[in-house]
Amino acid sequence: RKPMIFRQLFDSTSFSYTYLIAAGRGGEALIIDPVLDKVERYIQLLDELDLRLVKALDSHLHADHITGLGALRDRTKCITVMGEESGVDVVSMRVADGDRIAIEGIGLDVIHTPGHTADSYCFRMDDRVFTGDTLFIRGTGRTDFGNGDPAQQYDSIFNKLLTLPGETLVYPGHDYKGDTVSTIAEEKAFNPRLQVASVEEYVDIMNNLDLPDPKMMDVAVPANMKVGYSQDEIEAEGLSLRCEVAKEMIGQPDLVMVDLRDKDERARHGVIPGSVHAPYPSLDENVRPGGLLHELATATGKRLVFYCAYGERSAMAVKTAQEAGLANICHLKGGIDEWKKANGPLAGGGAA
């Protein structure tokens, strides 16, 4: 078994930590909280370690740096991931409490931890937890902007994070003192903000910190709201199918709906009846000669309609399929999100 790859990368401007994780060299990778200014470094590292970036996660909407999600997606065609509560224009995949984010050989359990922001999430993997801006080493994330709420943060920390085994390693989203890692037991014992007897006491501390706004806040927040892949280009080429039209075409023998989502997303939100499942991370091999989608498109002459959660992965899939020489392809505009609004038929999952 190849040794796991785990890299903790630092941005000295925003004191942010970014985490790159893979089960081993030559496989799939994910990245947590990438910073735009460091994207070239991430790409270089991915190349050096022979890794393929499959998923890029943000723990919440950042106010102190511009996210690298959009740039990484454009460079690597990776899936962008954020929590359901995020107001970001469009990300490929949205997660909720209790979900699991998986790549080859690696799984992260998703924990919704509102308080710093309403869309704050932590990600737990085996012996460690990535705490974003919820829990720091000997500190906690501020709660005075971005729909922050100190009572919610108390609940997130005391009733979710601090219930993890004491030896669980804590990897935060920032550190301003040069610390890199802690444990749940250490934070319980030594984090000054956690030595409180009640939620009221915690709220009182957080409401009286009187901190200045993050220097980048006015720039970062608006920029981070707009990381979406534009589906307009695909539409301009006439390769977009609106849900209202697609609904009428379901069941036609010359049409194949291709679901690009992960199995967890399919289980939670349901699938369009009769769909073929071809997960987005395997798209490249699927559209090449010998691949399932290549054979479907060429041998049978059927029209392939890609769909995903919001239309981002499917729009990118149309481009990839075109590059592989496939014709008669299009995507479902707005994905399952729009499909549900249009009352399109669903089987299983969220249809129940």
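That block above? That's the structure.
In this report, we go over the structure that sits alongside the text. Nothing here was measured: the structure is a model prediction, and the numbers come from that model.

A few words now on the overall build of the protein chain. In terms of helices and strands, the protein chain carries 13 helices and 19 strands. Over its C-alpha trace the protein chain gives a radius of gyration of 21 Å, about what one expects of a compact globule, namely 20 Å for 352 residues. For the C-alpha atoms alone, the extent of the protein chain along its principal axes is close to 65 × 45 × 35 Å. Contacts spanning at least 24 positions in sequence make up 65% of the contacts within the protein chain whose residues lie at least 6 apart. Charge separation in the protein chain, taken as the distance between the mean sites of 37 positive and 54 negative side-chain charges, equals 5 Å.

The next subject is the nonpolar core. In this structure, I32, L108, F123, F130, L293 and F306 are the most contacted members of the largest nonpolar core, which totals 47 residues. With five residues, the single largest contributor to this core is helix α12 (residues 312–323). Apart from residues lying up to four places away in sequence, L293 is in contact with V258, A278, L283, N286, V287, L304, F306 and L326.

Of all five residues making up strand β9 (residues 121–125), four are buried, and the element is well covered by its neighbours. Inspection of the sheet shows strand β8 (residues 106–112) paired to β9 by four bridges, in the antiparallel sense. Bridge pairing in β9 places V110 opposite F123. Here β9 runs beside strand β10 (residues 128–132); their pairing, made up of three bridges, is antiparallel. Following the sheet pairing, R124 is matched in β10 by V129. The hairpin formed by β9 and β10 contains two residues between the paired strands, and D126 there has a positive phi angle of roughly 50°.

Negative phi values dominate among residues other than glycine, just as trans dominates among peptide bonds. Although it is not a glycine, D126 adopts a positive phi angle of roughly 50°. Mapped onto the secondary structure, D126 falls in the loop between β9 and β10. Given the relative accessible area of 64%, D126 is considered exposed. One non-glycine residue, N343, adopts positive backbone phi at about 60°. Examined against the element boundaries, N343 turns out to sit in the segment after α13 (335–341).

Strand order in the open sheet made by the five strands is β15-β19-β18-β16-β17, with parallel pairing throughout. Looking at which strands have only one partner, the edges of the open sheet turn out to be β15 (240–241) and β17 (276–277). Where strand β18 (residues 303–307) meets strand β19 (residues 329–332), three bridges bridge the pair, whose relative direction is parallel. Paired with F306 across the two strands is H331, which belongs to β19. The strands that helix α11 (residues 292–299) touches are β16 (255–259), β17 and β18; relative to β18, the one it contacts most, it runs at about 145°.

Secondary-structure assignment places D11 in strand β1 (residues 5–11). Given a relative accessible area of 3%, D11 falls into the buried group. Apart from the residues lying within four places of it in its own chain, the contact partners of D11 are S16, V35 and K38.

This paragraph deals with the pairing of β19. Note on strand geometry: in a regular strand, side chains alternate between the two faces of the sheet. Of the strand pairs in this sheet, β15 and β19 are connected by two bridges, and their pairing is parallel. For S240, the partnering residue across the bridge sits in β19 and is H331. Regarding topology, α12 serves as the crossover connection from β18 to the parallel β19, and that connection is right-handed.

Rules used in this analysis
Residues numbered from 1 in each chain as written. Predicted model: local features only at pLDDT ≥ 70, side-chain atom pairs only at ≥ 80, totals over all residues. Heavy atoms only, no water. Helix = DSSP H or I, 4+ residues; strand = E, 2+ residues; numbered from the N terminus. Rg over C-alpha atoms; globule rule 2.2 N^0.38 Å. Contact = heavy atoms within 4.5 Å. Lys, Arg positive; Asp, Glu negative; His and termini not counted. Charge placed at Lys NZ, Arg CZ, Asp CG, Glu CD. Core = buried A, V, L, I, M, F, W, Y, C linked by side-chain atoms within 4.5 Å. Buried < 20%, exposed > 50% of the residue type's maximum accessible area, 1.4 Å probe, protein only. Pairing = 2+ DSSP bridges. Axes fitted to C-alpha atoms, helices over the stretch in contact; angles between N-to-C directions. Right-handed = clockwise from strand over helix to strand, strands pointing away.

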